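Examination of the molecular architecture
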Amino acid sequence: KCRMFVDRVIINTSPLIVLFNSNQDDLLPQLFSEIIVPEEVIEEVTNNKSDRASEKVPKTTWIKVRSIQVNLKIAAWDLGKGETSVISYAIAHPGYYIMIDDKAARRCAKSFDIPTLGTGRAIVLAKQRGLITSVSDRLERIQAAGLYLSPQVVELLKTQANENSF
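Residues numbered from 1 in each chain as written. Predicted model: local features only at pLDDT ≥ 70, side-chain atom pairs only at ≥ 80, totals over all residues. Heavy atoms only, no water.

1. A word on the packing of aromatic side chains
According to the stated counting rule, one finds 2 aromatic pairs in the structure shown. Summarising the aromatic geometry, the rings of Phe20 and Trp62 are spaced 6.1 Å apart at their centres and angled 25° between planes, so their arrangement reads as stacked. Highlighted residues: Phe20 in helix H1 (residues 13-21) and Trp62 in the loop between helix H4 (52-56) and strand S3 (63-66), separated in sequence by 42 residues. Judged by its relative accessible area of 25%, Trp62 falls in the partly exposed class. Against the face of Tyr96 rests Arg8, its NZ or CZ located 4.0 Å from the ring centre. (Phe/Tyr/Trp six-rings, centres within 6.5 Å; stacked < 30°, edge-to-face > 60°. Helix = DSSP H or I, 4+ residues; strand = E, 2+ residues; numbered from the N terminus. Buried < 20%, exposed > 50% of the residue type's maximum accessible area, 1.4 Å probe, protein only. Lys NZ or Arg CZ within 6 Å of the ring centre and 35° of its normal.)

The structure is reproduced here in structure tokens:
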């Protein structure tokens, strides 16, 4: 088992929305020393609706908002605006993990050797670093906030957090 050391992240729209809307955004500045959010992601979060994320994200001081030059190789993947900008930033600025849940975007990032971290995995990381005592209720909260996690993924995350149900 490798314990990854993640310190700097670029975050996409859905992780921000589900963490803010499940009241778990406080974990982010405790987990990472630098949190980059592309302008396109801020736009997606705020265009969304009147929820906690659209209200709080623009006012959050630990988020570093960056304007992005879209990488044409990434644009060719035809991902969403947020995913494209997050991966483009990571290519231009190596040394970051990207926090992204979209499967196609994760595949794209992998093909460019960009390390990825899903929202569920960030919850596991919080437990491994001693910030939370259990992942189970935390995973339920992000699911209630709109993130789909298959039962297999939930089991895998619980296993990674040493919370096996068997």
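2. Side note on the pairing of strand S1 (residues 8-11)
Judged from the 3 bridges that link them, S1 and strand S2 (residues 34-38) form a sheet pairing that is parallel. Looking at the pairing, Val9 lines up with Ile35 of S2. When S1 meets strand S4 (residues 97-99), the two strands line up parallel, connected through 3 bridges. Bridge assignment links Ile11 to a residue of S4, and that residue is Met99. (Pairing = 2+ DSSP bridges.)

3. Focus on the sheet that holds S4
Remark on secondary structure: sheet strands pair via backbone hydrogen bonds, oriented parallel or antiparallel. Within the open sheet, the 5 strands sit side by side as S3-S2-S1-S4-S5. Their pairing is parallel. Both outer strands of the open sheet, S3 and strand S5 (116-117), are each paired with one neighbouring strand and no more. Strand direction decides the pairing type here: S2 and S3, joined by 4 bridges, are parallel. The residue bridging Ile35 from the neighbouring strand is Ile63, located in S3. This element, helix H6 (residues 81-92), spans S1, S2, S3 and S4 of the sheet and lies at about 150° to S1. (Contact = heavy atoms within 4.5 Å. Axes fitted to C-alpha atoms, helices over the stretch in contact; angles between N-to-C directions.)

4. Focus: the layout of surface pockets
Estimated volume of the largest pocket: approximately 490 Å³. Every residue lining the largest pocket is counted, 18 residues in all, and those nearest its centre are Asp101, Arg106, Gly118, Leu149 and Val153. Elements with a minimum of two residues in the lining of the largest pocket: helix H7 (103-111), S5, helix H8 (119-128) and helix H10 (151-160). For the lining of the largest pocket, the element with the highest residue contribution is H10, accounting for 4 residues. (1 Å grid on protein atoms, 1.4 Å probe; cavity = no way out; pocket = protein on both sides within 12 Å on 5 of 7 lines; lining within 4 Å. Points joined across faces, edges and corners; volume = space filled by probe spheres on them.)

5. Topic: the pattern of salt bridges
This structure, assessed with the given rule, holds 5 salt bridges. A salt bridge links Lys127 to Glu163, with the nearest nitrogen and oxygen atoms 3.0 Å apart. In this pair, Lys127 sits in helix H8 while Glu163 sits in the segment after H10, placing the two residues 36 residues apart along the sequence. We classify Glu163 as buried; its relative accessible area is 15%. (Salt bridge = Lys/Arg side-chain N within 4 Å of Asp/Glu carboxyl O.)

6. A few points about the packing of H8 against helix H9 (residues 136-144)
Between two packed helices, the angle of one axis relative to the other and the distance separating the axes together describe the packing. Interaxial distance between H8 and H9 falls to 10 Å at its minimum, and their mutual angle equals 155°. Viewed along their axes, H8 and H9 adopt a mutual orientation that is roughly antiparallel. As for the relative orientation of H8 and H9, their crossing is right-handed in sense. Together, Thr119, Gly120 and Ile123 of H8 and Arg138, Leu139 and Ile142 of H9 make up the contact between the two elements. Residue composition of the contact of H8 with H9, by class: 3 nonpolar, 2 polar and 1 charged. (Parallel < 35°, antiparallel > 145°, perpendicular 65-115°, else oblique. Left-handed = near helix turned anticlockwise from the far one by under 90°. Nonpolar A, V, L, I, M, F, W, Y, C, P; charged D, E, K, R; others polar.)

7. Observations regarding the confidence of the model for the protein chain
One rule of thumb: low pLDDT means the predicted coordinates there are not for detailed reading. Residues with a pLDDT of 70 or more make up 96% of the protein chain, whose mean pLDDT is 92. No element of the protein chain has a lower mean pLDDT than helix H3 (residues 39-48), which averages 90, and none a higher one than S2, which averages 97. (pLDDT = per-residue confidence, 0-100.)

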